[in-house]
Every structure is written in C-alpha cells, then in structure tokens.
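# Structure at a glance
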Amino acid sequence: MISEEVRKQYTVTIGIECHVQLKTKSKLFAGESNDARDKAPNTVVGHVSFGMPGALPVLNKQAVELAAKAAFALHTKPQKFSKFDRKHYFYPDLPKGYQISQFEEPIILGGYVEIVVDGEVKKIGITRAHMEEDAGKSTHPAGKDYSLVDLNRAGTPLLEIVSEPDMHSAAEARAFAKALYLQMKYADVSEVDLYHGNMRFDVNVSVSKDPSKLGTRSETKNLNSFKAVEKAVEYEVERQIELLEDGEQVVQETRGWDDTKQVTFSQRTKEDAHDYRYMPEPDVPPIVLSDAFITELEEALPKMPAELRAELSGVGITESQVEILIEEPLLAQFVSSVASANAGATKAIVNWLTGEILKLVSDNKLTWEQVIDSKDQLLALAQMVIENKLSSTGAKELLSEVIANKTDPEQLAKDRNLLQVSDEGAIEKIVAEVLSENEKAAADVKNGEMKAIGFLVGQVMAKSKGQANPGLAQQIIKKQLGL
C-alpha cells in the first residue's frame, strides 16, 4: 500500500470514454434487430455483419436522430456536417477487417457534464462524441485452448463519448459515469442497461509527479458499473505509483478488469490512431443536418436531471428522496407536476412513492404507469390527510386500490369506515371515558409529564376505532385536564 504522503506527491489524471448503445430497433447499417438479449449466438446477423463481398451499408436515420439528441444532453449542439471513416484492425470479432466509425468529423464536438463531489460542483469537459458500429463479442472459455465469436452485437449503433482529462480522483470518475448515465437516460437515447452493456466505460488513468505533464496512461476497458469505474481507478493509481516508486516504467496498454479479484490485468499494448489506418468511408454518404431539424430536436428535449433536482429540492423533501426520484425520469417528472398542482400535498405523495408505493411496485402489485395515471386520486388522498379527514395510516390502507382502480379516495374511505371524526361533542365523550379509566396517566399529564398524553390519545383512537382526529383528541384531553 502506498502511504498518503507518497500519494500526495503525484497528480492523478483521468479521462473516460463511454460507449452508449443507441435504442434503435435495427442496427446502424443493416436491418437486423438491435436487441440480441437472450438470443442464441450468431442468429441476429446478416450479410453486412459478416462482411460478405458486395454487402453495402445503409445508415439508420433513427440512430442519427438519437445521437443528435445526445448533443443537447451534453450541453452542446450536433454538428451540421459529419461523416464516417473506416478504422482498420484485424480481430476475429470484426469479419470485414474494419469498423465504420467517425474520426475526422464527428457528430458532436465539445460540451460538458456537471458533477457534484463533496458538495462541490465541477464541469467535466467533453472532447467529442462520434457514431460507430459495435464489433462482435469474443469469449474465452476457462481452461480451453480456443475462443468463441458471437456476431449478434456486430453492427449495433454506438455513440462513443470522450471526456477531457478533467478528473483527478476515483470519486470524480464515479460521479461522471453516474451523471453521464442520467443525462443519456433522460434524453432517451439509450436503454442505459448497464447489465446488458448498453453503456460501457473505458477509463484512462495516469499519474505524474509533475502537475504540468501527463504520465503514461493505461486504459481499462469495458467497465459496466459505477462501482467498477471507481475501484478500477483506485487500483490503477496504486499500481502505477508503486511502479514509479520502484524505479520502473508504466507501459501504455489496454487492461481488463477482474471484478472478483478487484484488480486490473494487462490485455495488449495500446494502439495509436495511425495504427488504425483511418480512411474516408466510401459507402456511407456524409450526414448533413438542417437548422430546422436541430431546432425541433432541441425543443422536444425533456427537463434534465439538474433542472428537476433543483425543482424537487424546493418542495420540502429530503435529499435522499430527491436522488431516488431522479433515478427514474418518469417519477421525477411526475413529482414535478404534482408540486405544480398542489405543493402542500407533495411531501405526503413523495413519502408514499419512496415507501409503500415503491414496495407495491417492487412486489409487482402495481406499475409506475398506474401510479402516474392516478395523479388526481393521489392528490385527493393527500389533501384528505392534510385536512385531517383521514389518518396517514388510513391513507396507506387505501393506496393500492386508489391507484389500481383509480377509485375516489373519499368514497373508499367512507365505505371502509376510515374517515376521521372531527365532531367535538363525540370526541369529548370518548376523552371523558378514557380519562376516567386511566387516572394515573391523566395525573401524570397534569403533573407535566407530557409523554403520557400520547398514551391517552392512543386510547381515544382505540375507542373510536381509529376514526377520531388525533390532533383534536389531544386538544380536548388538555382542555378537560385544565391545561
């Protein structure tokens, strides 16, 4: 382990490249399905994927639209002119010997992603983002002397987003990966399913004793969780500093991540751009976007995480609740609309969303679509609690049916005999009975032991079968005890 004193002598520099799988129905240059989940190997393929002689690629228009939308999520605009190039390399998962990508003129230049680490806001610059087709997948069975190739993924449309080397800690790298994930999710350009590889992170790490010079970097590829990004950076920083402290050199190379052992491992020495022998792609014409097209996409962009986070932070809910809601765009937008309709009801509804309703959805008893569709009923239910017509416990009892059947909550509360009694005369009689039956607790309250009043209110609630208004019951208890 490197001591903290030694670690402080080095400047850590991190850049991240992220491959985002665009949520198109078909592949980037062919008509096969873009969804290869649960498919047998080499079944979602065609003549373009196999690189058959004479096979001509045809650009997917929807992929261009999604990539252009991503530009706005990165706080920039898509380039009006972009074009494709051939990136040559020879590997079993690339039958035609080259990948169609964008090199000289990508669809996105510039932009940034905003992160928050230790309460400080920081902008991480985006160098570029370019469209490209994915390659196939090679697997290497343990203990075998052969590898297997599955081309189902070949041709999947990707947007590769390249950050500036603006990050200097594992925490910043993790925050960037999470923030980028949310931006892509809200812009609706990808399914962002990390488990199925819809987003994969390649992390470049270097260390240097001279803050003005970058060290030799390593690139750890195909990380598919925020935790893996953070841990891979931590490991690489430690590994590289140890090498330099021992008088050795850091080798520029591509590394893999062993999630079980929590270590990186060497895969191959890193190629430079000239090794790929880029050339213009002759079979795919350039992309030219009109001003009208760009404006239309920008105007259709929904509220993004930063805007919704600011809105939700102002409606009296906790920071942890805000983050739970932000994870799911539909919920964050729903709560935003609830706050606009009735700010006073928002806290109660958010408590249900992050508590009872979340459990009902997790248990497959409700869907989020049903919850969102029952907005009016939830607002009415929350208003009943605010007006003391219904206890919070009673409201929770009604949640499932109110949402599932869009039932009028007041009528349902009447049918189930859950409406709170606010008739002072009726509650006064119950309080008198409770005080006469609990003389010691009544005396304790009179002597200033106010904890006992909770017990007395509980007795009133029990006698009224939960229908007495507890606030009113407490007032009447104090009144009858002369307090």
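Described in the following lines is the structure provided in the data block. (Residues numbered from 1 in each chain as written. Predicted model: local features only at pLDDT ≥ 70, side-chain atom pairs only at ≥ 80, totals over all residues. Heavy atoms only, no water.)

## Some remarks on the overall build of the chain
- A count of helices and strands for the chain gives 18 helices and 16 strands.
- Computed over the C-alpha atoms, the radius of gyration of the chain is 30 Å, more than 25% above the 23 Å expected from 2.2 N^0.38 for a compact globule of 483 residues.
- Taking the principal axes of the C-alpha coordinates as reference, the chain spans close to 95 × 55 × 50 Å.
- Here the chain holds 483 residues, and the buried ones make up 47% of them. (Helix = DSSP H or I, 4+ residues; strand = E, 2+ residues; numbered from the N terminus. Rg over C-alpha atoms; globule rule 2.2 N^0.38 Å. Buried < 20%, exposed > 50% of the residue type's maximum accessible area, 1.4 Å probe, protein only.)

## What about helix α9 (residues 343-353)?
- Along α9, the residues that are buried comprise A345, T346, I349, V350, W352 and L353. Buried positions in α9, seen along its axis, are confined to an arc of 150° and lie on one side of it.
- Looking at the buried side of α9, the elements it contacts are α7 (319-326), α8 (329-341), α10 (356-362), α11 (368-373), α12 (375-386) and α13 (392-405).
- The N-capping residue of α9, defined by a side-chain oxygen 3.2 Å from the backbone nitrogen of G344, is N342. (Arc of directions from axis to C-beta. Contact = heavy atoms within 4.5 Å. Polar contact = N/O pair within 3.5 Å; in protein donor to acceptor, adjacent residues only side chain to side chain.)

## Here's the deal with the sheet that holds strand β15 (residues 279-280)
- The strand order across the open sheet formed by three strands is β4-β3-β15, and the pairing between neighbours is antiparallel. Since the sheet does not close on itself, it has two edges, and those belong to β4 (98-101) and β15, each with one partner. (Pairing = 2+ DSSP bridges.)

## Digging into the pattern of salt bridges
- Here the structure, examined in full by the defined rule, presents 33 salt bridges.
- Linking E104 and K83 is a salt bridge whose minimum nitrogen-to-oxygen distance equals 3.5 Å. Here the residue E104 occupies a position in the loop between β4 and β5 (108-109), and K83 occupies one in the loop between β2 (81-82) and β3 (85-88), the gap between them amounting to 21 residues.
- Each of E236, R239, E253 and R255 takes part in salt bridges that share partners, so that together they form one network. (Salt bridge = Lys/Arg side-chain N within 4 Å of Asp/Glu carboxyl O.)

## Let's talk about the layout of surface pockets
- One number sums up the size of the second largest pocket: a volume of about 680 Å³.
- Lining the second largest pocket are 25 residues, and of these E114, I115, V116, A179 and R309 lie nearest its centre.
- Listing elements by their share of the lining of the second largest pocket, those giving two or more residues are α2 (61-73), β6 (112-117), α3 (170-187), α6 (305-313) and α7.
- Broken down by element, the lining of the second largest pocket gets its largest block of residues, seven residues, from α3. (1 Å grid on protein atoms, 1.4 Å probe; cavity = no way out; pocket = protein on both sides within 12 Å on 5 of 7 lines; lining within 4 Å. Points joined across faces, edges and corners; volume = space filled by probe spheres on them.)

## Re empty space enclosed by the protein
- In total, this model carries one cavity of 30 Å³ or more according to the counting rule given.
- Taken together, the residues that form the lining of the largest cavity break down as seven nonpolar, two polar and six charged. (Nonpolar A, V, L, I, M, F, W, Y, C, P; charged D, E, K, R; others polar.)

## A word on the nonpolar core
- Ranked by size, the top nonpolar core spans 112 residues in total, and within it L159 and M184 carry the most contacts.
- If you tally residues by element for this core, the top one is α3, at twelve residues.
- Excluding anything up to four places from it in sequence, M184 contacts V20, A70, A73, L74, I161, V189, S190, V192 and M199.
- Among the nonpolar cores identified, the runner-up in size contains 20 residues, and V431, A452, I453 and V457 belong to it. (Core = buried A, V, L, I, M, F, W, Y, C linked by side-chain atoms within 4.5 Å.)

## A few points about the packing of aromatic side chains
- Here the structure, examined in full by the defined rule, presents six aromatic pairs.
- With 5.5 Å between their ring centres and 75° between their planes, F29 and F84 make a pair best called edge-to-face. Separated by 55 residues along the polypeptide, F29 in the loop between β1 (11-21) and α2 and F84 in the loop between β2 and β3 bring together distant segments of the chain. Of the two residues, F29 and F84, neither departs from the other in class, the shared state being buried.
- Aromatic pair F103 and Y278: ring centres 3.8 Å apart, planes at 5°, arrangement stacked. With F103 in the loop between β4 and β5 and Y278 in the loop between β14 (263-269) and β15, this residue pair connects regions lying 175 residues apart in the sequence.
- Classification of F103 by relative accessible area gives partly exposed; the value is 31%.
- Against the face of Y98 rests K96, its NZ or CZ located 5.5 Å from the ring centre. (Phe/Tyr/Trp six-rings, centres within 6.5 Å; stacked < 30°, edge-to-face > 60°. Lys NZ or Arg CZ within 6 Å of the ring centre and 35° of its normal.)

## Regarding helix α4 (residues 226-245)
- Along its 20 residues, α4 runs 29 Å from first to last C-alpha, staying within 8% of the 28 Å computed at 1.5 Å per residue.
- Just downstream of α4 lies G247, where phi reads positive at about 80°. (Expected span 1.5 Å × (residues − 1).)

## Regarding the pairing of β1
- With ten of eleven residues buried, β1 lies mostly within the body of the structure.
- Both β1 and strand β11 (residues 199-208) contribute to a ladder of ten bridges, which runs antiparallel. Residue pairing in the sheet places T13 in a bridge with S206 of β11.

## Points about the packing of α12 against α13
- Running from N to C, α12 and α13 cross one another at 165°; their axes reach a closest spacing of 10 Å. Taken together, the axis directions place α12 and α13 in an arrangement best described as roughly antiparallel. Viewed along their axes, α12 and α13 form a crossing whose handedness is right-handed. Together, Q377, L378, L381 and V385 of α12 and A395, L398, L399, V402 and I403 of α13 make up the contact between the two elements.
- Per-class residue counts for the contact of α12 with α13 are eight nonpolar, one polar and no charged. (Axes fitted to C-alpha atoms, helices over the stretch in contact; angles between N-to-C directions. Parallel < 35°, antiparallel > 145°, perpendicular 65-115°, else oblique. Left-handed = near helix turned anticlockwise from the far one by under 90°.)

## Considerations on the pairing of β3
- Neither face of β3 is left uncovered, since the one carrying D85 and K87 and the one carrying R86 and H88 both have all their residues buried.
- Pairing analysis gives four bridges linking β3 to β4, with the strands arranged antiparallel. Across the sheet, the residue bridging to K87 is Q99, located in β4.
- Strand direction decides the pairing type here: β3 and β15, joined by two bridges, are antiparallel. If you follow D85 over to β15, its bridge partner there is P280.

## What to know about the environment of L472
- Along the polypeptide, L472 turns up in helix α18 (residues 470-480).
- Taking relative accessible area as the criterion, L472 reaches 14% and is therefore assigned buried.
- Separated by 15 residues in sequence, L472 and V457 place their C-alpha atoms 9.6 Å apart.

## With respect to the packing of α3 against α4
- For the pair α3 and α4, the least separation of the axes is 8 Å and the interaxial angle reads 155°. Comparing the axis directions of α3 and α4 gives the class roughly antiparallel. Crossing geometry of α3 relative to α4 is assigned as right-handed. Along its contact with α3, which presents A170, A171, A173, R174, A177, K178 and Y181, the element α4 presents F226, K227, V229, E230, V233 and E234.
- Partitioned by chemical class, the residues of the contact of α3 with α4 number eight nonpolar, no polar and five charged.

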